[in-house]
Amino acid sequence: MSTVTKAGLEDVVVSTSDICFIDGREGRLVYRGYDVDDLVAHSSFEEVAYLLWYGALPTRKELDAHVKALSASATRRLPPKVIALLRTLPRRSTPMEVLRTGVSALSAFDPDAADNSREATLRKAVRLTAQMPTLVAAWERLRRGKPPVAPNPRLGLAANFLYMMTGKKPTDLATQTFDTALILHADHEFNASTFAARVTAATLSDLHSAVTSAIGALKGPLHGGANEQVMLMVEQIKDPARAEAWIRKALADKARVMGFGHRVYRVEDPRAKHLRRLATELGEQAGNTAYVQILNTVAKVVTEDKHIYPNVDLYSGAAYAVMGISTDQFTPIFAISRVAGWAAHVLEQHGNNRLIRPRAEYTGATRASYVPVAQR
Ligand code: CMC
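Novice: How do you make sense of the pairing of strand E1 (residues 20–23) when you look at a structure like this?
Specialist: Every other side chain in a regular strand lies on the same face of the sheet, so the side chains alternate between the two faces. Of the two faces of E1, the one holding Cys20 and Ile22 is buried and the one holding Phe21 and Asp23 is not buried anywhere. The pairing of E1 with strand E2 (residues 28–31) spans four bridges and is antiparallel. Within the sheet, the bridge partner assigned to aspartate 23 lies in E2 and is arginine 28. If you look at the hairpin formed by E1 and E2, you'll find four residues sitting between the two strands, and glycine 27 has a positive phi there, around 70 degrees.

Next up, the structure:
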C-alpha cells in the first residue's frame, strides 16, 4: 500500500463532480457552469437550488412549480411533534445543536425517509430546504419564550425566513441581501460538510442522515462556525478607532483570525465582495456603519501583513447583525442555504456510488504483548 499522506487531504481529488467549480487563483466560483456573480445579479436562491439539483436553469413553468412546492405552508410547516421536541430542549441549547437534532427528527416524520430513489431524494430535498428555515426561526422564537410564527406562502424563502424570525415583513433591501447571501452559500465543491454528506450518502444512507452529518461538520469554527467568531471579534473591538491596534496585536500574538484564509482560494474569496457591498448598504440604511468599518480595517491589516484574504465568512455576519439576527444564528443561516448543495451532492453520489473508505498510514505499535490487568 502507498503510504503517501496529505494532511487535511489538501489538493487531493477524491471524485469527479458536475456541480461546482472553484478557480482558486482567479477567484471564481461557478455552479453548473454559471458564474456566481451572474447568479447574484439575475437569479434567486430558489432558482439556484433548482440549478444545483437538476443541472440546468428552469423554464418559467418549471421555476413557478418549484417555487410553489418550496413555499407551500404544508411543505414549510414542521410536524407538531417536532415543535414539541424543540420545547423539551434546554433554552441554552445552541441553534446549531437544535438544527442538527431537528433535521434528524424530521426524518422520522418524512414519508420518503427510507426511499433513496432519485425522485424520493428530490422530494425530500424540497421538504428539508423548506423546513430548515422554519426550524431555525421556530427555535429563535421558542428560546425567547414566544410562539413560532407560521410560514407565509406568499413570501419567497428569504423574506419568509426573516418574517418567521421577527414576525415582521422585512424591507426589500433586507430580503435582497438575504437572498444574495443564500445564493452565495449554496454550494462550494468538496468542502468539509459536503464531503461529510457524501461520505454518509456513499454508505447508501439517506438524505436526512447525510444532512445531519453535514450540519455537524459545518458547526466547527474552521468551517461554517467562522462567521459567528468574526462577529464575536467585532464585538470585542467595538469601536472602529480601536480596530487597527487590536488586529495588529492579535497578529503579533499569532492568533488565527476568523473570516480569513481558505484551502482553495489564493486571492479574495469571490463571495466576500458581494457580502461587503451588501453589509455596507444595509449598515448605511440602518445608520450602523461601525461593523463594516471595523471589518474593513481588519481586512486591510491582515491582507497587507499576512497576504491572507477575506473569505465568505468575513462580512456575512455584519449584514445579519444589522437585520437584528443573533450571532449564534449565523451558522444555521449558512446551513439553510448549503442544504441545497448538500442535496445536489447526495443525488450525485447516489447516482454513481462507490463506498468512500480511505486508508490510514498506521504509525502505532504492531506487536505489543498482552499483559493481564493484574500484572500491569
Ligand atoms: N489567520 C491567521 N493565519 C492564518 C489564517 C488565518 N485565518 N489562515 C491561514 N493562516 C496561516 C496559518 O497560520 C499558516 O501559516 P504557517 O504556514 O506560517 O503556519 C498558513 O496560513 C496556512 O494555514 P493552514 O491552517 O495550514 O491552512 P488550511 O488550508 O489548513 O486552512 C482555513 C484553511 C480556512 C481552515 C484557515 O485559513 C483558517 O483557519 N481560517 C480561519 C477560519 C475561517 O475563516 N474559516 C472559514 C473558511 S471559508 C468558509 C467555510 O468553509 O466555512
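Novice: Where do I start with a nonpolar patch on the surface in this structure?
Specialist: There is a patch of nonpolar side chains on the surface, built from Leu9, Val12 and Val14 and spanning about 220 Å² of accessible area. Looking at the element boundaries, leucine 9 is found in the segment before E1. We classify leucine 9 as partly exposed; its relative accessible area is 44%.

Novice: Please clarify how the packing of helix H8 (residues 157–166) against helix H9 (residues 172–185) should be interpreted in this entry.
Specialist: Pairs of packed helices are described in terms of their axes, by the angle between the two and the distance that separates them. Remark: H8 packs on H9, axes separated minimally by 8 Å, with the N-to-C direction vectors making an angle of 115 degrees. Taken as axis vectors, H8 and H9 run roughly perpendicular relative to one another. The handedness of the crossing between H8 and H9 comes out as right-handed. Contacts between H8 and H9 involve Leu157, Ala158, Ala159, Phe161 and Leu162 on the former and, on the latter, Ala174, Thr175, Phe178, Asp179 and Leu182. Considered class by class, the residues forming the contact of H8 with H9 number eight nonpolar, one polar and one charged.

Novice: Looking at this structure, I do not really get the site of the ligand. What am I missing?
Specialist: With respect to spatial proximity, 20 residues lie near the ligand, and among them His223, Arg256, Val257, Gly259 and Arg263 are the closest. At a separation of 3.0 Å, a nitrogen atom of the ligand approaches a polar backbone atom of leucine 222. Asparagine 311 is positioned such that a nitrogen or oxygen atom in its side chain is 2.9 Å from an oxygen atom of the ligand. In this structure the site holding the ligand corresponds to the largest pocket.

Novice: Explain the domain arrangement of the protein chain here, please?
Specialist: For interface size, the figure often reported is the accessible area lost on association. The domain boundaries assigned to the protein chain delineate domain 1 (16–219 + 334–351) and domain 2 (226–322). Here the C-alpha centroids of domain 1 and domain 2 sit 26 Å apart. Across the contact, 22 residues belong to domain 1 and 22 residues belong to domain 2. Of the roughly 1,800 Å² buried between domain 1 and domain 2 on both sides combined, carbon and sulfur atoms contribute 68%. On inspection of domain 1 and its partner domain 2, the count reaches one salt bridge. Among the ionic pairs, aspartate 37 bridges to lysine 273, the shortest N-O distance being 3.2 Å. The tally of links between domain 1 and domain 2 comes to five residue pairs in polar contact (both at pLDDT 80 or more). When residues of the side of domain 1 that touches domain 2 are traced back to their parent elements, those giving at least two are E1, E2, helix H1 (36–42), H9 and helix H17 (330–351). Considering each element in turn, the side of domain 1 that touches domain 2 owes the most residues, eight residues, to H9.

Novice: Teacher, can you tell me more about the layout of surface pockets here?
Specialist: A probe as big as a water molecule, rolled over the atoms, marks out the empty space that is left. For the largest pocket, the calculated volume is near 1,500 Å³. Taken together, 46 residues form the lining of the largest pocket, with Asn191, Leu222, His262, Arg263 and Val264 sitting closest to its centre. For the lining of the largest pocket, the secondary structure elements donating two or more residues are E1, helix H10 (192–201), helix H15 (290–306) and H17. Two domains each provide a minimum of three residues to the lining of the largest pocket, namely domain 1 (16–219 + 334–351) and domain 2 (226–322).

Novice: Looking at this structure, I do not really get the pairing of E2. What am I missing?
Specialist: Summarising the sheet, E2 and strand E3 (residues 34–35) pair through two bridges and their orientation is antiparallel. When the bridges of E3 are listed, tyrosine 31 appears paired with tyrosine 34. Following E2, the chain reverses through two residues before pairing antiparallel with E3; arginine 32 in that reversal takes a positive phi of roughly 50 degrees.

Novice: Would you explain empty space enclosed by the protein in this entry?
Specialist: Per the counting criterion, the structure on display carries one cavity of 30 Å³ or more. The volume enclosed by the largest cavity comes to roughly 40 Å³. Forming the walls of the largest cavity are Pro95, Val98, Leu99, Leu135, Val136, Trp139, Gln329 and Pro332. Across the lining of the largest cavity, the residue classes break down as seven nonpolar, one polar and no charged.

Novice: Can you walk me through the nonpolar core in this structure?
Specialist: Across soluble globular proteins, nonpolar side chains show a tendency to be buried alongside one another. Counting 108 residues, the largest nonpolar core has Tyr31, Trp53, Met132 and Phe178 as the members making the most contacts within it. Mapped onto the domain boundaries, this core takes at least three residues apiece from domain 1 (16–219 + 334–351) and domain 2 (226–322). Setting aside chain neighbours within four positions, we find phenylalanine 178 in contact with Ala158, Phe161, Leu162, Tyr320, Met323, Ile325, Ile333 and Ile336.

Novice: What am I meant to see in H9 here?
Specialist: Working note: α-helix, 3.6 residues per turn, so residues spaced by three or four point in the same direction. The first and last C-alpha atoms of H9 sit 20 Å apart over 14 residues, in line with the 20 Å expected at 1.5 Å per residue. Within H9, twelve of the 14 residues are buried, which leaves it mostly tucked inside the rest of the structure. Among the residues of H9, Leu173, Ala174, Thr175, Thr177, Phe178, Asp179, Thr180, Ala181, Leu182, Ile183, Leu184 and His185 are the ones counted as buried.

Novice: Got a minute to help me understand the sheet that holds E1 in this structure?
Specialist: Two modes of strand pairing occur in sheets, parallel and antiparallel, and in both the strands are linked by backbone hydrogen bonds. An order of E1-E2-E3 is seen for the three strands of this open sheet, with the pairing classed as antiparallel. With one partner strand each, in any of the chains shown, E1 and E3 form the two edges of the open sheet.

Rules used in this analysis
- Residues numbered from 1 in each chain as written.
- Predicted model: local features only at pLDDT ≥ 70, side-chain atom pairs only at ≥ 80, totals over all residues.
- Heavy atoms only, no water.
- Buried < 20%, exposed > 50% of the residue type's maximum accessible area, 1.4 Å probe, protein only.
- Helix = DSSP H or I, 4+ residues; strand = E, 2+ residues; numbered from the N terminus.
- Pairing = 2+ DSSP bridges.
- Patch = residues over 30% accessible without salt bridge, like charges linked within 9 Å, V, L, I, M, F, W, Y side chains within 5 Å.
- Areas by Shrake-Rupley, 256 points an atom, 1.4 Å probe, with all protein chains shown as cover.
- Salt bridge = Lys/Arg side-chain N within 4 Å of Asp/Glu carboxyl O.
- Axes fitted to C-alpha atoms, helices over the stretch in contact; angles between N-to-C directions.
- Parallel < 35°, antiparallel > 145°, perpendicular 65-115°, else oblique.
- Left-handed = near helix turned anticlockwise from the far one by under 90°.
- Contact = heavy atoms within 4.5 Å.
- Nonpolar A, V, L, I, M, F, W, Y, C, P; charged D, E, K, R; others polar.
- Near = heavy atom within 4 Å.
- Polar contact = N/O pair within 3.5 Å; in protein donor to acceptor, adjacent residues only side chain to side chain.
- 1 Å grid on protein atoms, 1.4 Å probe; cavity = no way out; pocket = protein on both sides within 12 Å on 5 of 7 lines; lining within 4 Å.
- Sits in = over half its atoms within 2 Å of the grid points.
- Domains from an automatic or database assignment.
- Buried area = accessible area lost by both parts, 1.4 Å probe.
- Points joined across faces, edges and corners; volume = space filled by probe spheres on them.
- Core = buried A, V, L, I, M, F, W, Y, C linked by side-chain atoms within 4.5 Å.
- Expected span 1.5 Å × (residues − 1).

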